[in-house]
Amino acid sequence: MSVAVAKAPPGFTLDITDLQIQEAAIRIQASYRGHRSRKELREKGPPKILQALKDVVLLEGSAAKLECRVSAFPDPFIVWSKDGAELKDGPKYRYVFEDPDVVALVVRDGTVADLGQYTVTIKNTFGLATGSARIIVEAPAKITKGPDNLKVVAGATVVLKADISGEPPPDVGWLKEGEDIEEDDRVFYDIGETSTILTIKHAQHSDAGKYEVFVENNLGTDQSFTRVDVL
């Protein structure tokens, strides 16, 4: 009983006597042997950082990537940390291995809180290597919560507070009826990292009116208004 042998579709046959095909086969074999030899000959030892991490700028709401080129055999264990605290691979922080020699960390949905120093620790059975760089966050100046309207009796202390954000830290100013407030021992304002407070001691009827706080950095400006009534 004869067995039918399926023929290769037209264009899918190789002529092994063809010199070009023979040369291609030789190149493929040589490439494979070279790859195998390089892998077998890799020197075992502690990891080395061949190309260091570099500082990167992260715009608020976007993503940033820290990466470095390494040499490590056997294959290493990778840990990323921020300001000394380990970062877990997940939606916010993504461990990336783009090729055998490059390790990277992607930081997503950037906020001002992502500013800081990031460290990669590369460890195998022979030792470890570490590298660090900073993520520099840039975010437009913003008033996240404006001051509340107030009604006070004459002689009381007025405290107007606004929550602010921005990187670089924004310049802050207070105005009354559109005019810059001139500070003295009775009327003054403080600027903190996340808030600014206007204080008016011994409130007078002349202190009543519309107040404005504004913030500004090189990426943007913001403002908020409030009303103070002195009874």
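Treat the numbers as computed from the prediction; the structure is a model and nothing was measured.

(A) A look at the overall build of the protein. Looking only at helices and strands, one finds one helix and 17 strands in the protein. Within the protein, the fraction of its 231 residues that count as buried is 32%. Sequence separation of at least 24 residues holds for 60% of the intrachain contacts in the protein that already meet a minimum separation of 6. On the protein, roughly 14,900 Å² of surface is accessible, and the fraction owed to carbon and sulfur atoms is 53%.

(B) Region of interest: the packing of aromatic side chains. Inspection of every chain in the model, using the stated rule, returns zero aromatic pairs. Over the ring of Tyr93 we find Lys92, and its NZ or CZ is 6.0 Å from the ring centre.

(C) Representation of the pattern of salt bridges. Within this structure, the stated rule accounts for eight salt bridges. In this structure, the salt-bridge partner of Lys145 is Asp148, at a minimum N-O distance of 3.5 Å. Of the residues examined, Lys145 reaches a relative accessible area of 42% and is grouped as partly exposed. Taking the shortest distance from any N to any O, the salt bridge between Asp207 and Arg186 comes out at 2.8 Å. Here Arg186 lies in the loop between strand 13 (179–180) and strand 14 (187–191) and Asp207 lies in the loop between strand 15 (195–200) and strand 16 (209–217), a separation of 21 residues in the sequence.

(D) Main features of the sheet that holds strand 7 (residues 102–107). A sheet is described by the order of its strands in space; here four strands give the open sequence 1-3-7-6, paired in antiparallel fashion. Edge positions in the open sheet fall to strand 1 (45–51) and strand 6 (93–99), since each of these has one partner strand only. Averaged over all neighbouring strand pairs, the angle between strand axes comes to 30°, with direction disregarded. Pairing geometry for strand 6 and strand 7, over six bridges, is antiparallel. The residue bridging Tyr93 from the neighbouring strand is Val107, located in strand 7.

(E) Just a nonpolar patch on the surface, in detail. A contiguous nonpolar patch, built from Val57, Leu59 and Ile136 and spanning about 250 Å² of accessible area, is present on the exposed surface. Along the chain, Val57 turns up in strand 2 (residues 56–59).

Rules of the game
Residues numbered from 1 in each chain as written. Predicted model: local features only at pLDDT ≥ 70, side-chain atom pairs only at ≥ 80, totals over all residues. Heavy atoms only, no water. Helix = DSSP H or I, 4+ residues; strand = E, 2+ residues; numbered from the N terminus. Buried < 20%, exposed > 50% of the residue type's maximum accessible area, 1.4 Å probe, protein only. Contact = heavy atoms within 4.5 Å. Areas by Shrake-Rupley, 256 points an atom, 1.4 Å probe, with all protein chains shown as cover. Phe/Tyr/Trp six-rings, centres within 6.5 Å; stacked < 30°, edge-to-face > 60°. Lys NZ or Arg CZ within 6 Å of the ring centre and 35° of its normal. Salt bridge = Lys/Arg side-chain N within 4 Å of Asp/Glu carboxyl O. Pairing = 2+ DSSP bridges. Axes fitted to C-alpha atoms, helices over the stretch in contact; angles between N-to-C directions. Patch = residues over 30% accessible without salt bridge, like charges linked within 9 Å, V, L, I, M, F, W, Y side chains within 5 Å.

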